[in-house]
Amino acid sequence: MRSRQISTIILFVVLATTLGTSCSSQTETLSGNSDETWPEITTTMKPWLRWWWMGSAVDKENISRRMEEFAEAGIGGVEIFPIYGVKGYEEQYLKHLSPEWIEMVLHTVNEADRLGMEVDMIMGTGWPYGGPQVEPEYAAGKMHIQTYKVKAGTRLDQKIVGNVPDEAELARLQYLMPGESPDMPDPAKLLHLFAFNKDGEKVELTSRVREGNLDWTPDEEYDLYAIFLGKTGQMVKRSSLGGAGFVLDHFSDEAVLDFLEPYENSMDPLHNRLRAIFNDSYEIYGADLTPGFFDQFSQRRGYDLTDHIPLLLPGASGEEVMRVTSDYRETLSELVLEAFSGNWNRWVHEHTFITRQQAHGGPANLLDYYAAADIQECESFYGTTFNIPGLRWESSDAKEAEADLIMWKFASSGTHISGKDLTSSETFTWLREHFKTALSQCKPELEQMLLSGVNHMVIHGSSFFPDEAAWPGWKFYASVHFSPYISTWRDAPGMFQYIARCQSMLQSGKSDNEILVYWPFYDVMDDVNSTNLGGQFLQQLSIHTKDHWLAPSRFYKLVTSLIDKGYSVDFVSDRYLEKAEVTGGKISLSGMEYEALVVPECERMPMNTFSLMADLAGSGGKVVLEGWPESVPGYHNYQERTGQLKQIIEEAGKEIVVDQNVTEALAGLGLQGESLKATGLGFIRRDLEGEKVYFMVNHTPGEIDGYVPLNCSSKSIMIMDPLTGKTGLGKTKPGKALSEVYLQLKPGQTLFIRTSDKKITAPEWEYFQEKGDPHEIAGNWELKFVSGGPVTPENANLEELTSWTELSMEAEAFSGTARYKVALDNPDPEVTHWLLDLGDVRESARVWINGEEMGRFWSVPFSGVTSLLKEGENILEIEVTNLPANRIIDMEKKGVEWKIFHNLNIVDLDYEIFSAADWDPVPSGLLGRVTLTPLRRKIP
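Keep in mind that this is a model prediction, so the values were computed, not measured.

A few points about the sheet that holds strand β24 (residues 596–599)
Sheets are built from strands paired through backbone hydrogen bonds, the pairs being either parallel or antiparallel.
Item 1. Spatially, five strands are ordered β20-β19-β24-β25-β26 in an open sheet, and the strand pairing comes out parallel. Each of the sheet's edge strands pairs with one partner strand only, and the pair in question is β20 (569–572) and β26 (657–658).
Item 2. Taken together, the two bridges between strand β25 (residues 623–625) and β26 define a ladder with parallel strand orientation. Along β26, the bridge assignment pairs V624 with V657.
Item 3. Contacts from helix α16 (residues 554–564) reach β19 (515–518), β20 and β24, with the element oriented near 170° to β19.

Here you go:
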């Protein structure tokens, strides 16, 4: 699917979901059928799966079977990701880009067409980009500086030779495939040799070096600085057959074009068939130099970097060190954007595909780097602690998340400011330990990503496996696993459907963020939190280091305060601010309209950037600064340029609002945040041709039961439950300038709110309140194990609901599904609606009452409203599915070898060798009281 095809789909969704039928219509009738209210689900709206091809030991029959399982479960597409292989299957490995390998990819695409799915793929195997085609000269490079002293009247008595350091050799060896051992690059190449005397005068000596010997006798004492271009030695991580090799030099046009050359003809059969080419996060370590860098630096920064080599040494400090280092980093940022992103995007588009990219980790302006792709992708890593009653957090099975909503918003902001439609995410990476991730633990994690602007989830992940593979199938070294082979897959379609409904709304219309926040990139490049930057040329902006470059910043604190006050924000870079203009008092950028531009207090700002802000303010746009910038970035003539900046500031002072309390300043301009934020609800808002869609999320410990204010006026409001698909006309307060809608949201629940400026006739949303105490369902519970393994335990009768692991050794080892059945008398035949609460469910359930299915229960709260009880005796059946952990524990205790994978094999959360042999059994089944609470309709 091309970019224009995505735009067409989004336009169709907008038209399909807009409530008004004509400009003259003032009333519309809806039947209440959810099919008429929710958008038609497309492949892009469904969740996708990262699909690891282990050793690319794939075949057509098993590709077809796995794809059918994915489609049946509700997966919209797969991302083919070849990695290291499985022991014992080496003869079945397919070499990357071989005709046989391309044939398997083409078969996958054909099957996707048949099943209504789509396919993306990475370029290469493993990550980051690199491979056997990357000759040493085009491998990632690193600068080494060696110093020498020469006294007057003497010659240097040692050779000037650069050696690849030991860490480069270790980096090479770490990711080699069995039987593959590319040679290390030659010793580091001498680029420049300079001599500086005590007065700082420079002498160029490079041409005087012959075979490492310097032919020069000075007439005074000199310090010599030799600059070498070495190689990092980094190999592609987790590569597959035909993919091992050095990591690419991302700063070089020649290197990137050389890397792309093997794909030129081999990809021909896939033209117009694949959707996108994917590039994973920038995990290129230590790469900070490329051939021609010093010439590029001079052209871009306006001065010769080699004049200031002493400032680049480790331990150097002071303002000049910071400014030169900032210039160095800015040059790297521009090079990766132009040499890598520019060439890669052009190549992919010329070959009929679109690009999908993770920019985080890059040594670049993240907003520009994200925005360069067609689909911007962020990533979750580890888990978040939520204050939701009943949602488990076991510190032994999880690590605190490193990413957060503000970090993810760099991706969605890149989407919005560049006029794109989709923000994707690599979702659930290492959410919990292997085999211990419950669907209920996934739900709030995915919801907070949706709140950040993500609307196209790619789930991490699933490994290809053939039917012959023993349980638990083939597994990637990192959790989480979404595989048709393991127990949690049984109820995963409930989560997939939930994601699809959410994304159907969040891909409709356009983002409705009203505040544009300037990101002070140059303060990050200057590293204003540090005083010693000598030798630290590289600044990688990754999720793992955000506590250094992001969390302490004024920008982060300002954005946090804006969000807390109910404002919706996007971030903007210096480059994209150049594209902004004022239309009707609003700041317009790539089809988006913002009420105001907000600028955090920053130390460094380019003169051009401030001039753009002043122009926006002078044209009627609202521009609010926390404080005036102190100086310009960079070294070249910085004092003169700082004086010019202060002159511009003085001239523009009357047009721009300057206030340390930005939220008060915005309120003074008539811009109020959503007051609903005071309820504790999280939200994100979209615009459907003037009508509003709110996604409301309750991640608080308390229930919302009352009127919730909205920052818009409407005549009708539809409430839509993405968990069940139910919809209804919400109760609103009449006569209010701004709408208020009555909402009931228990902790962990979500709703969509869709406003309309027309009067809608539709079934009303059902509100309920409890009208009595809960009735515990007691009696003889029949328990039957219906599917799973390793063996089927004997049936049991339970007078008390406890973990089934306590029943027998077989039940303790069992992972799968068991059916609970109980007869109960209707406690009150006069009651039409009951709240069925399953209590502590481990881990998901399906419920039938009198043979009629009530639904899936896979998330907190494990409860739902039912009207299925009849007078007299009723039969309640609950099928509960547990985690696959207990079966793994049993296998490991028995010494069954299932970790049969090359390279990293299987590791735990701490990246140590994985073992479950010492784990305690994971509680399974229904663990406590199951209750029925009488309800009555509530009229707000």
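What to know about the pattern of salt bridges
Item 1. Counting across every chain of the model gives 56 salt bridges.
Item 2. Among the salt bridges present, the one from R604 reaches E319, with a minimum N-O distance of 3.9 Å. Linking R604 in the loop between β24 and α18 (607–618) with E319 in helix α9 (residues 319–350), this pair joins segments that are 285 residues apart in sequence.
Item 3. With a shortest N-O distance of 3.3 Å, D491 and R856 are connected by a salt bridge.

Comments concerning the sheet that holds strand β13 (residues 276–279)
Item 1. Read around the barrel, eight strands follow the order β2-β3-β4-β13-β14-β15-β16-β17 and close on themselves; strand pairing throughout is parallel. Ignoring strand direction, the axes of neighbouring strands in this sheet form an average angle of 30°.
Item 2. Strand direction decides the pairing type here: strand β2 (residues 48–54) and strand β17 (residues 456–463), joined by four bridges, are parallel. Looking at β17, one finds that L49 is bridged to I459.
Item 3. Running at roughly 170° to strand β15 (residues 375–381), helix α11 (residues 405–417) makes contact with β15 and β16 (423–429) of the sheet.
Item 4. Packed on one face of the sheet, helix α13 (residues 492–506) meets β16 and β17 and runs near 155° to β17.

Quick word on the state of the cysteines
Item 1. Inspection of every chain in the model, using the stated rule, returns zero disulfides.
Item 2. With no disulfide of its own, C712 has C502 as its nearest cysteine by sulfur position, at a separation of 19 Å.
Item 3. Its relative accessible area of 8% is what places C712 among the buried residues.

Quick word on the side chain of K475
Item 1. Tracing the sequence through the fold places K475 in the loop between β17 and α13.
Item 2. A polar contact of 2.6 Å, which involves the side chain of K475, links it to the backbone oxygen of P472.
Item 3. Residue contacts for K475: discarding those within four places in its chain leaves M54, F435, S463, H481, S483, I486, W898, F901 and I906.

Notes on the pairing of strand β28 (residues 691–697)
Item 1. Most of β28 is tucked away, with seven of its seven residues classed as buried.
Item 2. Of the two faces of β28, the one carrying E691, V693, F695 and V697 and the one carrying K692, Y694 and M696 are both buried.
Item 3. Where strand β27 (residues 682–688) and β28 come together, seven bridges link them in antiparallel fashion. Bridged to L688 within β28 is E691.
Item 4. Linkage of β27 to β28, two consecutive antiparallel strands, is achieved through a turn of two residues, within which E689 is found at a positive phi near 50°.
Item 5. Bridge count between β28 and strand β33 (residues 750–756): five bridges; the pairing is antiparallel. Residue F695 lies in a different strand from β33, and its bridge partner there is F752.

Some words on the nonpolar core
Item 1. Ranked by internal contacts, the top residues of the largest apolar core, which has 217 residues, are F482, M495 and L597.
Item 2. In terms of residue count, α9 provides more of this core than any other element does, 11 residues in total.
Item 3. Residues contacting M495, with those up to four places away along its chain left out, are F428, L439, C442, L446, I459, F482 and W858.
Item 4. Listed in part, the 36 residues of the second largest apolar core include F386, I388, L783 and W834.

A closer look at the packing of α18 against helix α19 (residues 638–652)
Item 1. Close contact between α18 and α19 brings their axes to 10 Å; oriented N to C, the two are set at 5°. Compared by their axis directions, α18 and α19 come out roughly parallel. Residues M607, F610, S611 and A614 of α18 touch α19, and the partners they reach there are R641, Q644, L645, I648, I649 and A652.

Focus on the packing of aromatic side chains
Item 1. One pass over the structure, following the stated rule, counts 56 aromatic pairs.
Item 2. Residues W52 and F476 carry aromatic rings whose centres are separated by 4.1 Å and whose planes lie at 15° to one another, so their mutual orientation is stacked. With W52 in strand β2 and F476 in the loop between β17 and α13, this pair connects stretches of sequence that are 424 residues apart.
Item 3. When its relative accessible area of 1% is taken as the criterion, W52 is described as buried.
Item 4. Here F476 falls in the buried class, since its relative accessible area comes to 3%.
Item 5. Here F464 and W474 contribute two aromatic rings whose centre-to-centre distance is 6.1 Å and whose plane-to-plane angle is 65°, an arrangement assigned as edge-to-face. Note that F464 is positioned in the loop between β17 and α13 and W474 in the loop between β17 and α13, a separation of 10 residues in sequence.

Structural notes on a negative patch on the surface
Item 1. Among the surface-exposed residues, E261, E264, D268 and E350 lie close enough to one another that they form a single negatively charged patch.
Item 2. Along the polypeptide, D268 turns up in the loop between α7 (263–266) and β13.
Item 3. Residue D268 is classed as partly exposed on the basis of its relative accessible area, which comes to 39%.

Describing the side chain of N698
Item 1. Looking at the secondary structure, you find N698 in the loop between β28 and β29 (704–709).
Item 2. There is a polar contact of 3.0 Å between the side chain of N698 and the backbone oxygen of G702.
Item 3. If near-sequence neighbours (up to four positions away) are discounted, N698 is found in contact with L681, E703, I704, L745, K746, P747, G748 and Q749.

A look at the confidence of the model for the chain
Item 1. Here the chain averages 93 in pLDDT, while 93% of its residues score no lower than 70.
Item 2. Taken together, the stretch residues 1–25 has pLDDT below 50 and engages in 54 contacts with residues farther than four places along the chain or on a different chain.

Observations concerning the environment of V572
Item 1. Inspection of the secondary structure assignment puts V572 in strand β20.
Item 2. Linking V572 and L589, residues 17 residues apart in sequence, is a C-alpha distance of 9.7 Å.
Item 3. Ignoring sequence-local partners within four residues, the contact set of V572 consists of L367, I417, L516, V517, Y518, W519, L577, L589 and L597.

Notes on α13
Item 1. With 15 residues, α13 ought to run about 21 Å at 1.5 Å a step, and its terminal C-alpha atoms sit 21 Å apart, in line with that.
Item 2. Taken across its 15 residues, α13 has 14 buried, putting it largely inside the fold.

Some remarks on the pairing of β2
Item 1. Most of β2 is tucked away, with seven of its seven residues classed as buried.
Item 2. A two-sided burial pattern is seen for β2, the buried positions comprising W48, R50, W52 and M54 on one face and L49, W51 and W53 on the other.
Item 3. Here seven bridges tie β2 to strand β3 (residues 77–83), and the two strands are oriented parallel to one another. Each bridged residue has a counterpart across the sheet, and for W53 the counterpart in β3 is P82.

A word on unusual backbone geometry
Item 1. Note the cis peptide between S479 and V480, where omega equals 25°.
Item 2. Relative to the helices and strands, V480 is located in the loop between β17 and α13.
Item 3. Note that the residue after R842, namely E843, is joined by a cis bond; omega there is 15°.
Item 4. Position of E843 relative to the elements: it lies in the loop between β41 (841–842) and β42 (844–849).
Item 5. Residues other than glycine seldom take positive phi values, yet S56 does so here, at roughly 50°.
Item 6. You can see S56 is positioned in the loop between β2 and α3 (60–73).

Things to note about the environment of S413
Item 1. When you line up the elements, S413 lands in helix α11.
Item 2. The spacing of S413 and Y225 is 188 residues in sequence and 43 Å in space, taken between C-alpha atoms.
Item 3. Not counting chain neighbours up to four residues away, the residues in contact with S413 comprise L367, D570 and F571.
Item 4. Here the side chain of S413 touches K409 through a polar contact of 2.7 Å, landing on its backbone oxygen.

Scoring rules and cut-offs
Residues numbered from 1 in each chain as written. Predicted model: local features only at pLDDT ≥ 70, side-chain atom pairs only at ≥ 80, totals over all residues. Heavy atoms only, no water. Pairing = 2+ DSSP bridges. Helix = DSSP H or I, 4+ residues; strand = E, 2+ residues; numbered from the N terminus. Contact = heavy atoms within 4.5 Å. Axes fitted to C-alpha atoms, helices over the stretch in contact; angles between N-to-C directions. Salt bridge = Lys/Arg side-chain N within 4 Å of Asp/Glu carboxyl O. Disulfide = S-S within 2.5 Å. Buried < 20%, exposed > 50% of the residue type's maximum accessible area, 1.4 Å probe, protein only. Polar contact = N/O pair within 3.5 Å; in protein donor to acceptor, adjacent residues only side chain to side chain. Core = buried A, V, L, I, M, F, W, Y, C linked by side-chain atoms within 4.5 Å. Parallel < 35°, antiparallel > 145°, perpendicular 65-115°, else oblique. Phe/Tyr/Trp six-rings, centres within 6.5 Å; stacked < 30°, edge-to-face > 60°. Patch = residues over 30% accessible without salt bridge, like charges linked within 9 Å, V, L, I, M, F, W, Y side chains within 5 Å. Areas by Shrake-Rupley, 256 points an atom, 1.4 Å probe, with all protein chains shown as cover. Lys, Arg positive; Asp, Glu negative; His and termini not counted. Charge placed at Lys NZ, Arg CZ, Asp CG, Glu CD. pLDDT = per-residue confidence, 0-100. Expected span 1.5 Å × (residues − 1).

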